[in-house]
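# Coordinate inspection notes
This is what each chain is made of:
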Amino acid sequence: MAPKKKEEPKPAAPVAPPEPERPKTPEFDPTSVTLEFTPEQIEDFKDSFQLFDRTPANEMKITYAQCGDLIRALGQNPTNAEIIHVLGKPKPEDMQTKMLDFDQFLSIHQHICKAKNRGTYEDFVEGLRVFDKEGNGSVMGAELRHVLATLGEKMREDEVEQLMQNQEDPNGCINYEAFVKYIMAS
Amino acid sequence: MGCGVSKSDQFHKHSGKAIRAAVLIQRWYRQYVARAEMRRRYTWHIFQSIEYSGEQAQIKLYNFLGYLMDNFTPASNERNLISHIFRENEVCRDAEWERYFCYKNIEVPEIYSGPHLFFPLTVEQAVGLVEAFRNKKQLHSRYVLQLLAETWKLFRMMPNINRISTCQSKEITICGDLHGQLEDLLLIFYKNGMPSLEKPYLFNGDFVDRGKDSIEILIILFAFLLVYPSEVYLNRGNHEDHIVNLRYGFTKEVLTKYKMHGKRILKLLQKIFSWLPLATVIDQKVLVLHGGISDTTDLGVLTRVDRHNYVSALRPPKKRHIISTGTSIDSDVDEDVWGTNKSFQRRASLIYPQPLGTRGSFHNRSLQDFSDRIRGKEEDDLEARKRRQSVFINRSTEKETTLTVSTDSDSSDNIRDEWKQILDLLWSDPMSQDGCVPNEVRGGGCYWGPDVTEDFLNRHNLQLIIRSHECKQEGYEFCHNRKVLTLFSASNYYDVGSNRGAYVKLGPDLVPYMIQYQATSMTRELTVRQSAGRTERSALKVLREQLFAHKSDLICAFKKYDSNNTGLVSLNDWATAVESVMHLGLPWRMMRGQLVTCKTSDGTVDFNEWFNELAIKRPNTDHIDQSLLETLYRHRSTLETIFRIVDTDNSGFITIEDFRQTWKLLSVYLKMEITDEAISDLSVTIDRNQDGSIDIDEFMEAFRLTDKKSRLERGRSMFMGTATDLTKLDEDPNI
């Protein structure tokens, strides 16, 4: 209603998205994207696209809900907000019903790929250092879990558990440099 | 720095940073999850394609042997082998069977520490068996035979289709495939309680094969069946079939565990399997069967068939002669052909509706085609039988012999129709498209669509079909508008961590309630990430073996893309060529990182180098032709199956001569030239102690694929994970 209102969940968006922090982000226009992928890359994406295609007659279509997963599976790491944005801000109920074909997907994927600032190892470590109360290279596992579940694009408890499984030492501390290496090693 | 500052102050001060950090981690986490899911999918796909292509190979093998039956010439050497293969413990009266299966002479030694059974069984004894097996004890063969004999008697009284009800608000527990995985059965009993008057159970087939405790599972199920015959129900699965057992491990398991009496146990089990009920209907509304249905499935027909004539669903039914004395003789269709009709010649098109075609075509035929030949055979059989009949009439003093098979085509159609019904019931899979098509992936049964389900349910006034037969990641899966439920109870089926198992509870409201579980003794020390990684490594190992085994075909395919003979192909061409040979429908491009390391800088693949990566290492094989070795390796499953078929007395050994004959058979099947010399070389190497017989197990164990990539991975895995996990990975022989 207010003219300057941001559409997305507020503080989460600013960090890495391609669009600068403006009060109003423009609609995503797929036709404005020029494809820079090589034919080889496109073949690769097709393979993966097919793996996600669950239509009965193999129509080369995926649901909106799968779009984010596929982009991530191909090596990018957009935020959920970015995904919603490039999908044209669909309603929640559309996510399972609306479909994307391969060409539409390619434009979206290209757009995400062009975005800068994906987060380097240093960014990561810097970010975690925030929680390093004693400045000794480790953070409390409990605090990290709390943060991941309550801030930003919140994770569910079971997701947090899966991520942190076996990372804490007997005192409940995590050496965050090792942790970052671990996350980035997948 | 942080000592005196309160948490909320610090938080406020760094909130922007904290949030940014959180978002960063969350993004990366979500990426990791998506990639893991992708890999899980193709890992699954690998295992499943290989599993199904194995089943298909099994059926093709059987088709082939059937083809040989029709096409041998009287003078050929193969004839002896084939008659040897198909002849069973033939004409035998019931009294003789009883003597054969008698357990009374078997002594149980003093030192035996396993459970003792006293009949009639009590529930305490059944529970005792569960405990004993949990503690890795083995039941003595005397008790096994006794148990089986009692079980056989019970099954013979059961109808083809059991009809049960959930009256008195009893919930019935339904379990899917167990495949010899005792741990899963123990887990189900632990979570759900053992069978009792208040707790009826229904087990939906495939109790045996693949897992290592198939016989123990059978013993437990049969014991509870004997104690609670109205509360325990068993449906037949496609693995309750001695021919399938030859390939998938049950036969081997029994012979290994019961060295003296294993053969008898297997024989008795053959009979029991054929007497297993085919399906169960609950409250007249829910149909439970192992595989599925087709557009011709008719419960009326299924109620009427003589199910015990179908000892194996893969072979045409046995024929029965009934003599005046009331006892019966079981004999094989084939037996008649071989036994009496020495001058058997292949008839012309009068009998066979269509020409058999070239040798190659049998590869593409499904069992449905095979059934055409039965029709022809019957006409011949009748002639042979008439000749026999006259002998019997002379001997019998009272009424004349009655034949259960008459000459007119109606009856042969009936048999054929019955056979198809049973095959469909045990082997079919649902598909998402409408219609009904033959199941070419497995080689038997069909794929049926939602419209067929709808029609079938309406026709029979049912509301739900519960079936098993397919592994599902969550242990169960609905399809066809929630009218078909697939239920699978063997967790970690493809590998540790691959899937959960599930069982279903059904009360009078007939709304299925699923409980999932996963046997964890192997995964306890591994994180989710590590166990998923293990499964993937395992799948890739299996895939690499398959690729190596198709080396010659692959090289041929690559050469087509390499017109300049550079030894290099582009990535695109590599993927296309591989799929054209392997036919597994896998996303090769996506997996190339795991399968090919020797890429040149411009993204081409040096395919010869690639095969070096995949090389098989085995001692003392230098003098054996490499392509022969490759063939051996590729078809090792088929080879093992043929061996076990040839080994009719189930001793675990076959003679050198039979071995040679087997090879000739295989070479015909594969349309390969194998010289006698090559075979002799092979025989000599394998018959280590030169006593003229070959130990099948020893021979098969000799195949171990070790390749550079696996060794590298083992090294790499040392650096992953925390200290506690490394030791587990180290000890694991599968990695």
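Residues numbered from 1 in each chain as written. Chains lettered and ligands numbered in written order. Predicted model: local features only at pLDDT ≥ 70, side-chain atom pairs only at ≥ 80, totals over all residues. Heavy atoms only, no water.

What follows deals with the overall build of chain B. Helix and strand counts for chain B come out as 28 helices and 21 strands. For chain B, buried positions account for 58% of its 735 residues. Partitioning the contacts of chain B with sequence separation of at least 6, the portion at a separation of at least 24 is 74%. Carbon and sulfur atoms provide 50% of the accessible area of chain B, an area that totals close to 31,800 Å². (Helix = DSSP H or I, 4+ residues; strand = E, 2+ residues; numbered from the N terminus. Buried < 20%, exposed > 50% of the residue type's maximum accessible area, 1.4 Å probe, protein only. Contact = heavy atoms within 4.5 Å. Areas by Shrake-Rupley, 256 points an atom, 1.4 Å probe, with all protein chains shown as cover.)

Residues and elements named next belong to chain B. Strand order in the open sheet formed by 6 strands is β1-β5-β6-β13-β15-β14, with mixed pairing between adjacent strands. Two strands in the sheet have a free side with no partner beyond their single neighbour: β1 (161-164) and β14 (476-479). Here the average twist between neighbouring strands, direction ignored, is 20°. As paired elements, β1 and strand β5 (residues 279-282) share 4 bridges and run parallel to each other. Bridging from a neighbouring strand, Asn162 pairs with Thr280 of β5. Along the sheet, helix α16 (residues 450-460) contacts β6 (286-289), β13 (464-467) and β15 (484-487); its crossing angle with β13, the most-contacted strand, is approximately 115°. (Pairing = 2+ DSSP bridges. Axes fitted to C-alpha atoms, helices over the stretch in contact; angles between N-to-C directions.)

All names here are of chain B. For the pair helix α19 (residues 571-582) and helix α20 (residues 588-595), the least separation of the axes is 10 Å and the interaxial angle reads 100°. Here α19 lies roughly perpendicular to α20, going by the angle between them. Here Leu571, Asn572, Trp574, Ala575, Val578, Glu579 and Met582 of α19 lie close against α20, whose contacting residues are Trp588, Arg589, Arg592 and Leu595. Across the contact of α19 with α20, the residue classes tally to 7 nonpolar, 1 polar and 3 charged. (Parallel < 35°, antiparallel > 145°, perpendicular 65-115°, else oblique. Nonpolar A, V, L, I, M, F, W, Y, C, P; charged D, E, K, R; others polar.)

As for its position among the elements, Val147 of chain A is in helix α7 (residues 141-150). Here the alpha-carbon distance between Val147 of chain A and Phe131 of chain A, two residues 16 residues apart in the chain, equals 9.5 Å. Beyond its immediate stretch of four places on either side in the chain, Val147 of chain A contacts Phe131 of chain A together with Ala22 and Gln26 of chain B.

As a further point, take unusual backbone geometry. It is generally the case that most residues other than glycine have a negative phi and that most peptide bonds are trans. Residues and elements named next belong to chain B. At the junction of Phe119 and Pro120, the peptide bond is cis and its omega measures out at 0° in the coordinates. Relative to the helices and strands, Pro120 resides in the loop between α4 (94-100) and α5 (123-134). In this model, Arg482 sits at a positive phi of 60°, which is unusual for a non-glycine residue. Structurally, Arg482 can be placed in the loop between β14 and β15. In the Ramachandran plot, Asn492 falls in the positive-phi region, its phi being about 50° despite a non-glycine side chain.

Residue and element names in this part refer to chain B. This prediction gives chain B a mean pLDDT of 73; 66% of its residues lie at or above 70. Within the model, the stretch residues 1-6 combines pLDDT values under 50 with 2 contacts to residues more than four positions away or in other chains. Across residues 319-409, where pLDDT falls below 50, the model places 152 contacts with residues more than four positions away in sequence or in other chains. Interface confidence for the predicted complex, given as ipTM, is 0.79, next to a pTM of 0.65. (pLDDT = per-residue confidence, 0-100.)

This part is about the interface of chain A and chain B. With 53 residues of chain A in contact, the opposing surface of chain B contributes 42 residues. Where chain A abuts chain B, roughly 4,600 Å² becomes buried across the two surfaces, and 61% of that area is made up of carbon and sulfur atoms. One can count 3 salt bridges joining chain A with chain B. Of the charged contacts in the structure, one is a salt bridge between Glu40 of chain A and Arg589 of chain B, with a shortest N-O distance of 3.5 Å. Broken down by element, the residue count for the side of chain A that touches chain B peaks at 7 residues, all from helix α1 (residues 39-52) of chain A. A breakdown of the residues in the side of chain A that touches chain B according to their chemical character gives 24 nonpolar, 14 polar and 15 charged. (Buried area = accessible area lost by both parts, 1.4 Å probe. Salt bridge = Lys/Arg side-chain N within 4 Å of Asp/Glu carboxyl O.)

Okay, the side chain of Ser294 of chain B next. All names here are of chain B. For Ser294, the position within the fold is in the loop between β6 and α12 (299-304). Within the structure, Ser294 has its side chain in polar contact with the side chain of Asp424 (distance 2.9 Å). Beyond its immediate chain neighbours, meaning those up to four positions away, Ser294 contacts Lys420, Asp424, Cys436, Cys446 and Val452. (Polar contact = N/O pair within 3.5 Å; in protein donor to acceptor, adjacent residues only side chain to side chain.)

Because the α-helix completes a turn every 3.6 residues, residues three or four places apart line up on one side. Residues and elements named next belong to chain B. If you check which residues of α16 are buried, you get Val452, Thr453, Phe456, Leu457 and His460. All buried residues of α16 project into a common sector of 125° when viewed along the axis, lining one side. Those residues of α16 that are buried are in contact with β6, α12, β11 (436-438), β12 (446-448), β13 and β15. Positive backbone phi, at 60°, marks Asn461, one or two positions downstream of α16. (Arc of directions from axis to C-beta.)

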